[in-house]
Number of protein chains: 2
Amino acid sequence: MIERRQTKTVRIGTVRAGSGHPVAVQSMTKVLTTDVAACVRQIKRLATAGCALVRVAVPTRADTQAFAKIVEKSPVPLVADIHFSPQRAIEALEVGAAKIRLNPGNIKDPHDIRRIIDCAKRHGAAIRIGVNEASIRDLKHTDVRQDQRVSLMVSEMKTYVRFFEKAGFDQIVLSAKSADTMRTIDVNRAIAQSFDYPIHIGLTHAGLAEDARTPSAVAIGTLLAEGIGDTIRVSIAGDPVQEARLGFEILASLGLAPKRGPELVVCPTCGRCEVDVAGLARKVRKLLRTLDTPVRVAVMGCIVNGPGEAADADVAVCAAKGKGFLYRRGKRIAAVAEADLLETLSREITAGTSEA
Amino acid sequence: MIERRQTKTVRIGTVRAGSGHPVAVQSMTKVLTTDVAACVRQIKRLATAGCALVRVAVPTRADTQAFAKIVEKSPVPLVADIHFSPQRAIEALEVGAAKIRLNPGNIKDPHDIRRIIDCAKRHGAAIRIGVNEASIRDLKHTDVRQDQRVSLMVSEMKTYVRFFEKAGFDQIVLSAKSADTMRTIDVNRAIAQSFDYPIHIGLTHAGLAEDARTPSAVAIGTLLAEGIGDTIRVSIAGDPVQEARLGFEILASLGLAPKRGPELVVCPTCGRCEVDVAGLARKVRKLLRTLDTPVRVAVMGCIVNGPGEAADADVAVCAAKGKGFLYRRGKRIAAVAEADLLETLSREITAGTSEA
């Protein structure tokens, strides 16, 4: 039901970014790049978690040398993260970076950017052009009002895009980042209106998992729901697999990625409720963790919303005082005593999934 | 930076809902309504957590009798949740419900709805008109395609609104709910375009906390970011205080509610990072939990984004190998050995907050 914004297609190794292709989840390695084995291990875990692309920092020459080995062993295309050094960009492209992430504002000489573009062309690699609020301040606009920051970021992006287009290079992905949710939304809305290149979306340094979840889901979710965003990355201080999982949850909630494994719908309960719905649901969830089929189970606590929701679920239970009514695809199939509810439900779920 | 959609103002006891007023967080009691003491206790905890409105289910006559006592002791206006029974609606209004939530589709006789409206008028109460996907199916549209459900919900809402307007009653709040994130977004976008009454937003029976967080943040966050939504409720199977907290987090992330207490920004770290940023951040977060001043602290792991982010924080640390640089409102004030970092940072945070 989401109408994706129409964009050009950009090749990132085997991945395609843009409106004709699925939104790609990205993350970043967090072990030292020079520790090749640890880095490859983390990339493989991220690929298993569903990451289509992984970014790797290459701040030193030793890092690009390690990066060469990592590229060979990676199951997914890699993005080299470049800051300040044009030389690192060239090295990373030469050893197989499918994309580099560049904040052109950090590279002083336009001649260097042109060299990087030529190198990317030769190697069929893409370039992500990054602009972020912090760099805007580096450009000495220290005292800009909050509402001016968005337009400054957009105009900086325009300058860069023009530069890349003049150099005859269109394999670019745009990203404009801020640590502020609403500014992230606003700047990306503006960039989406100004260009037809794919956009990479993320909130910078959002925080520890418990602090990062809500603003990340709001910022990335809002933009995706408005059709904006072709690759996404959730930033969490901690294991990057958490980033990949939350990225997928956001996509799945909007129907932009298939729901993985079983789904459990639970009514929030209210003053009508005479059974421990949350307690029953926790037990059902534990059972569902052992399955990886996409079965939809509903645990409902009353007769008001229960039967309606049951119609949408593969297996549903509407719990009442002392008993529960079991539904299979909307059809009531049994009344079960409360004590036997979990067991009967388990049997029904397992039967249903082996059938499917 | 959010332009709220312009709406009429609706009075809900001491609360005002609509574009001229803050978005109100709502939740619902989950203990039996007849247990007056437990119900009042839960309402007080919800009020402390920031709920402006609390909904209470009143399925039986005994419940409306209990509701009368609860109203007297509640620190916030209460909403009575009505299903099927016009009599319960009348009783709840007569004992002081500031608003009732009605799904007109559940009440068969239009004459009964008119009686309820007259009663609400006499008592200066508001009515939330609810339409949800499950009721649409109750209306025998069992086989409607997914994309038709939204327009069916909107046309049902139109019928009800016209009925209320004909009865000369404009103290209405509209809500259209689904368990699906994108349908919730779409139906509310459509309703926002069709009417200028305040809208209540929520996702129905979203699930246990770990499953409900992301879809709720995406659905409610997207609509709020588009200016839609005047009261919100997050549905979680479990303690309703969790609902209130997540509701606030969503509002705060969009600048629609003040951030409560300290804020911790942490870079996600990457292959450039030579210190345990997440570990340091966890310790700082523990320290911040003891404060309730709105100080903004940044813990950054490198020199690329660190200094930029430091400018936005009251106190920031950019950790490097073996040492850290301390910033106060963007100014570097000290270089500290890694071993002393937490202590110096703590002192700086405490000094800053007692100053403010």
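Note that this is a predicted model, so its numbers are computed, not measured. Within each chain, residue numbers correspond to sequence positions counted from 1 in written order. Chain labels run from A onward and ligand labels from 1 onward, assigned in the order the entries are written. Given that this is a predicted model, residues contribute local features only at a pLDDT of at least 70 and side-chain atom pairs are listed and counted only at 80 or more, while totals for whole chains, interfaces and linings are drawn from all residues. The basis for the side-chain values is all heavy atoms of the structure; hydrogens and waters are excluded.

1. A look at the pairing of strand β6 (residues 99-102) of chain A
Residue and element names in this part refer to chain A.
Right, on to step 1. Using a 1.4 Å probe on the protein chains alone, a residue whose accessible area is under 20% of its type maximum counts as buried, one over 50% counts as exposed, and one in between counts as partly exposed. Starting at the N terminus, helices and strands are each numbered in turn, a helix being any DSSP run of H or I of at least four residues and a strand any DSSP run of E of at least two. Side chains of β6 alternate between two faces, with K99 and R101 and I100 and L102 buried alike.
Right, on to step 2. For strand β5 (residues 78-81) and β6, the ladder comprises 3 bridges, and the chain directions are parallel. For V79, the partnering residue across the bridge sits in β6 and is K99.
Right, on to step 3. Handedness is read with the strands pointing away from the viewer; a crossover is right-handed when the path from the first strand over the helix to the second is clockwise. Crossover connection from β5 via helix α3 (residues 86-94) to parallel β6: handedness right-handed.
Right, on to step 4. Here 4 bridges tie β6 to strand β7 (residues 126-132), and the two strands are oriented parallel to one another. Bridging across to β7, I100 finds its partner in I127.
Right, on to step 5. Crossover connection from β6 via helix α4 (residues 110-123) to parallel β7: handedness right-handed. Whether two strands pair depends on DSSP finding at least two bridges between them.

2. Points about a positive patch on the surface
Residues and elements named next belong to chain A.
Right, on to step 1. The grouping of R114, K158, R162 and K166 at the surface amounts to a positive patch.
Right, on to step 2. With 3 residues, the single largest contributor to the positive patch is helix α6 (residues 146-166).
Right, on to step 3. Tracing the sequence through the fold places K166 in helix α6.
Right, on to step 4. When its relative accessible area of 78% is taken as the criterion, K166 is described as exposed. Surface patches are drawn from residues lacking salt bridges whose relative accessible area is over 30%; two like charges belong together within 9 Å, two nonpolar side chains (Val, Leu, Ile, Met, Phe, Trp, Tyr) within 5 Å. All accessibility values rest on the Shrake-Rupley procedure with a 1.4 Å probe; residue burial counts only the protein chains present in the view. Salt bridge, as used here: a side-chain nitrogen of Lys or Arg that lies within 4 Å of a carboxyl oxygen of Asp or Glu. In this charge count, Lys and Arg are treated as positive and Asp and Glu as negative; neither His nor the chain ends contribute. We put the charge of a Lys on NZ, of an Arg on CZ, of an Asp on CG and of a Glu on CD.

3. Observations concerning the environment of R289 of chain B
Right, on to step 1. Tracing the backbone shows R289 of chain B in helix α10 (residues 277-289).
Right, on to step 2. Taking the C-alpha atoms as reference points, R289 of chain B and V154 of chain B, separated by 135 residues in sequence, lie 44 Å from one another.

4. Focus: the confidence of the model for chain A
Right, on to step 1. Each residue carries a pLDDT score, the predictor's own confidence in it, on a scale running from 0 to 100. Of the residues in chain A, 95% reach a pLDDT of 70 or more, and the chain-wide mean stands at 90.
Right, on to step 2. Both confidence scores are given for the complex: pTM 0.93, ipTM 0.92.

5. Digging into the sheet that holds strand β13 (residues 315-320) of chain A
All names here are of chain A.
Right, on to step 1. Taken in spatial order, the 5 strands make up an open sheet running β11-β12-β13-β14-β15, and their pairing is mixed. At either margin of the open sheet sits one strand with a lone partner, and together these are β11 (263-266) and β15 (331-337). For this sheet the average axis-to-axis angle between neighbouring strands, irrespective of direction, equals 20°.
Right, on to step 2. Pairing between β13 and strand β14 (residues 323-328): 6 bridges, direction antiparallel. From the neighbouring strand, A319 faces β14, where its bridge partner is G324. Angles shown run from 0 to 180 degrees and are taken between the N-to-C directions of axes, each axis being a line fitted to C-alpha atoms and, for helices, limited to the stretch in contact.

6. Some remarks on the relation of the copies chain B and chain A
Right, on to step 1. Here the copies were fitted onto each other by least squares, based on C-alpha atoms from residues at pLDDT of at least 70 in both. At an RMSD of 0.0 Å, chain B and chain A line up after a rotation of 180° and a shift of 0.0 Å along the axis. The superposition of one copy onto the other is thereby described by a two-fold rotation axis. Relative to the rotation axis, the C-alpha of T222 of chain B is the closest in chain B, positioned 2.1 Å from it.
Right, on to step 2. Contact between two residues is taken to exist if any of their heavy atoms lie within 4.5 Å; hydrogens are not considered. Most of the interface of chain B is mirrored in chain A, where 100% of its interface residues are also at the interface.

7. Notes on helix α1 (residues 36-48) of chain A
Residue and element names in this part refer to chain A.
Right, on to step 1. Multiply 1.5 Å by the residue count of a helix minus one, and that product is the helix's expected span. The terminal C-alpha atoms of α1 lie 18 Å apart, and with 13 residues this matches the ideal 18 Å at 1.5 Å per residue to within 8%.
Right, on to step 2. Taken together, the buried positions of α1 are occupied by V36, A38, C39, V40, Q42, I43 and L46.
Right, on to step 3. In this fold, the buried residues of α1 make contact with β3 (24-28), β4 (53-57), α2 (61-73), β5 and α9 (240-253).
Right, on to step 4. Phi turns positive, to about 110°, at G50, one or two residues after α1.

8. Topic: the domain arrangement of chain A
Right, on to step 1. The domain limits used here are those given by an automatic or database domain assignment. According to the domain assignment, chain A contains domain 1 (10-253) and domain 2 (263-355).
Right, on to step 2. Using C-alpha coordinates to define each centre, domain 1 of chain A is positioned 42 Å away from domain 2 of chain A.

9. Description of the pattern of salt bridges
Right, on to step 1. This structure, assessed with the given rule, holds 46 salt bridges over all chains.
Right, on to step 2. Across the pair R101 of chain A and D81 of chain A runs a salt bridge whose closest N-O atoms are separated by 3.1 Å. Remark: D81 of chain A occurs in strand β5 and R101 of chain A occurs in strand β6; sequence separation between them is 20 residues. When sorted by exposure, R101 of chain A lands in the same class as D81 of chain A, which is buried.
Right, on to step 3. Measuring nitrogen to oxygen at the nearest pair gives 3.0 Å for the salt bridge that ties R183 of chain B to E133 of chain B. One end of the pair, R183 of chain B, is in helix α7 (residues 181-194); the other, E133 of chain B, is in helix α5 (residues 133-138), and 50 residues separate them in sequence.

10. Thoughts on the interface of chain B and chain A
Right, on to step 1. On the chain A side, the residues contacting the 75 residues of chain B number 75 residues.
Right, on to step 2. A combined buried area of about 6,000 Å² lies between chain B and chain A, and 58% of that area is made up of carbon and sulfur atoms.
Right, on to step 3. Of all residues in chain B, M1, H205 and P268 of chain B bury the most surface against chain A, accounting for 12% of the area lost on that side.
Right, on to step 4. The tally of links from chain B across to chain A stands at 6 salt bridges.
Right, on to step 5. Residue E210 of chain A is joined to R285 of chain B by a salt bridge in which the shortest nitrogen-to-oxygen separation is 3.7 Å.
Right, on to step 6. It is helix α8 (residues 209-225) of chain B that provides the largest number of residues to the side of chain B that touches chain A, a total of 10 residues.
Right, on to step 7. Residues are grouped as follows: Ala, Val, Leu, Ile, Met, Phe, Trp, Tyr, Cys and Pro are nonpolar; Asp, Glu, Lys and Arg are charged; all remaining types, including Gly, are polar. Of the residues assigned to the side of chain B that touches chain A, the class counts are 35 nonpolar, 17 polar and 23 charged. Accessible area that two parts lose when put together, with a 1.4 Å probe and added across both, is what the buried area reports.

11. A word on the nonpolar core
Right, on to step 1. Grouped together as the largest cluster of nonpolar side chains are 166 residues, with contacts concentrated most on I100 of chain A together with I100 of chain B.
Right, on to step 2. In contact with I100 of chain A, not counting residues within four places along its chain, are V79, A80, I82, A89, A92, L93, I116, A126, I127 and R128 of chain A.
Right, on to step 3. Working definition of a nonpolar core: buried Ala, Val, Leu, Ile, Met, Phe, Trp, Tyr and Cys residues. They are joined through side-chain atoms within 4.5 Å. Counting residues in each nonpolar core, the second largest holds 34 residues, with L264, C267, A278 and A316 of chain A among its members.

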